[in-house]
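# Coordinates in review
One-letter residues, chain by chain:
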Amino acid sequence: GIQVEQSPPDLILQEGANSTLRCNFSDSVNNLQWFHQNPWGQLINLFYIPSGTKQNGRLSATTVATERYSLLYISSSQTTDSGVYFCAVDPGGYNKLIFGAGTRLAVHP
Amino acid sequence: GAGVSQSPRYKVAKRGQDVALRCDPISGHVSLFWYQQALGQGPEFLTYFQNEAQLDKSGLPSDRFFAERPEGSVSTLKIQRTQQEDSAVYLCASSFGGGRNEQYFGPGTRLTVT
């Protein structure tokens, strides 16, 4: 089955720093989503981005489907950005998401 | 309207007990999914419903796991004769379906089997 790899696995930032999280996937996908899992366990939708570029405030994402990767950019990080960031893909319309192992982000004041 | 809701939020079961976990999807969402998340890992797919039809149950780990959505809205995940390895967070998600496939997740039910 499809493989989803996220890097880096762990990231520590000072408040105000910028970062880039990467998601590589091994096959074509119909759907790609980025989530933030907060310390209470809630998965929060960040982007639905099977291709192209989107921006939402301090966050932006780019998916290059032909090269099978997606990037999540966080600018001017805040302590509330801490948590785990997951990339998840739907491989070819099977209507289920396959998740990567996540990037654990800690933002210190 | 409201997001996906799940109940109970926490459940402690003794090994061998049966449990039932409930999911209320977003109103109007045709597709409903169950995932299992072990500690420190990403969620893993269990099963998928389109309305009341269970179209994919390939992720259910054993025949002790059973899911239903009889009226195409609320869904229940039932685990019979719970084992310690069933301890995990069980997440429910829903989407509009019909090509509008962005999934929205509930807060999860944390199951601990003692």
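Scroll up to find the structure this text is about.
Treat the numbers as computed from the prediction; the structure is a model and nothing was measured.

What follows covers the overall build of chain A. Looking only at helices and strands, one finds zero helices and eleven strands in chain A. Taken over C-alpha atoms, the radius of gyration comes to 13 Å for chain A, in line with the 13 Å a tight globule of 109 residues would show. Its C-alpha atoms give chain A principal-axis dimensions of about 40 × 25 × 20 Å. Relative to its 109 residues, chain A shows a buried fraction of 49%. The contacts of chain A with a sequence gap of at least 6 include a subset with a gap of at least 24, amounting to 55%. Carbon and sulfur atoms provide 49% of the accessible area of chain A, an area that totals close to 5100 Å². Here chain A contributes 6 positive and 7 negative side-chain charges, whose respective centroids are spaced 4 Å apart.

Glancing now at the state of the cysteines. Under the definition given, this model contains two disulfides over all chains. Linked covalently through their sulfurs, Cys 23 of chain A and Cys 87 of chain A form a disulfide whose S-S length is 2.0 Å. Negative torsions about the S-S bond denote left-handed disulfides, and the value of about -60° found for Cys 23 of chain A with Cys 87 of chain A makes this one left-handed. Separated by 64 residues along the polypeptide, Cys 23 of chain A in strand S3 (residues 19–25) and Cys 87 of chain A in strand S9 (residues 83–90) bring together distant segments of the chain. Since its relative accessible area comes to 0%, Cys 23 of chain A is described here as buried. Judged by its relative accessible area of 0%, Cys 87 of chain A is buried. One disulfide in the model links Cys 23 of chain B with Cys 92 of chain B; its S-S distance is 1.8 Å. Linking Cys 23 of chain B and Cys 92 of chain B, the disulfide has an S-S dihedral of approximately -65° and is accordingly described as left-handed.

Attention now goes to the side chain of Ser 95 of chain B. Mapped onto the elements, Ser 95 of chain B comes out in strand S9 (residues 88–95). When sequence neighbours within four positions are dropped, the list of residues in contact with Ser 95 of chain B reads His 29, Val 30, Ser 31, Phe 33, Arg 100, Asn 101, Glu 102 and Gln 103 of chain B.

Residues and elements named next belong to chain A. With respect to the element layout, Gly 16 can be found in the loop between strand S2 (10–14) and S3. For Gly 16, a relative accessible area of 46% corresponds to the partly exposed category. Measuring from C-alpha to C-alpha, the distance between Gly 16 and Asp 27 comes to 35 Å, with eleven residues separating the pair along the chain. Excluding its chain neighbours within four sequence positions, the residues that come into contact with Gly 16 are Ser 76 and Ser 77.

Okay, the sheet that holds strand S8 (residues 75–79) of chain B next. Residues and elements named next belong to chain B. Taken together, the four strands give an open sheet; going across it, the order is S1-S3-S8-S7, and neighbouring strands pair in antiparallel fashion. Edge positions in the sheet fall to strand S1 (5–7) and strand S7 (65–68), since each of these pairs with one other strand and no more. Neighbour to neighbour, the strand axes of the sheet diverge by 15° on average, direction disregarded. Sheet analysis places S7 next to S8, joined by four bridges and oriented antiparallel. Bridge pairing in S8 places Ala 67 opposite Leu 77.

Conventions adopted
- Residues numbered from 1 in each chain as written.
- Chains lettered and ligands numbered in written order.
- Predicted model: local features only at pLDDT ≥ 70, side-chain atom pairs only at ≥ 80, totals over all residues.
- Heavy atoms only, no water.
- Helix = DSSP H or I, 4+ residues; strand = E, 2+ residues; numbered from the N terminus.
- Rg over C-alpha atoms; globule rule 2.2 N^0.38 Å.
- Buried < 20%, exposed > 50% of the residue type's maximum accessible area, 1.4 Å probe, protein only.
- Contact = heavy atoms within 4.5 Å.
- Areas by Shrake-Rupley, 256 points an atom, 1.4 Å probe, with all protein chains shown as cover.
- Lys, Arg positive; Asp, Glu negative; His and termini not counted.
- Charge placed at Lys NZ, Arg CZ, Asp CG, Glu CD.
- Disulfide = S-S within 2.5 Å.
- Pairing = 2+ DSSP bridges.
- Axes fitted to C-alpha atoms, helices over the stretch in contact; angles between N-to-C directions.

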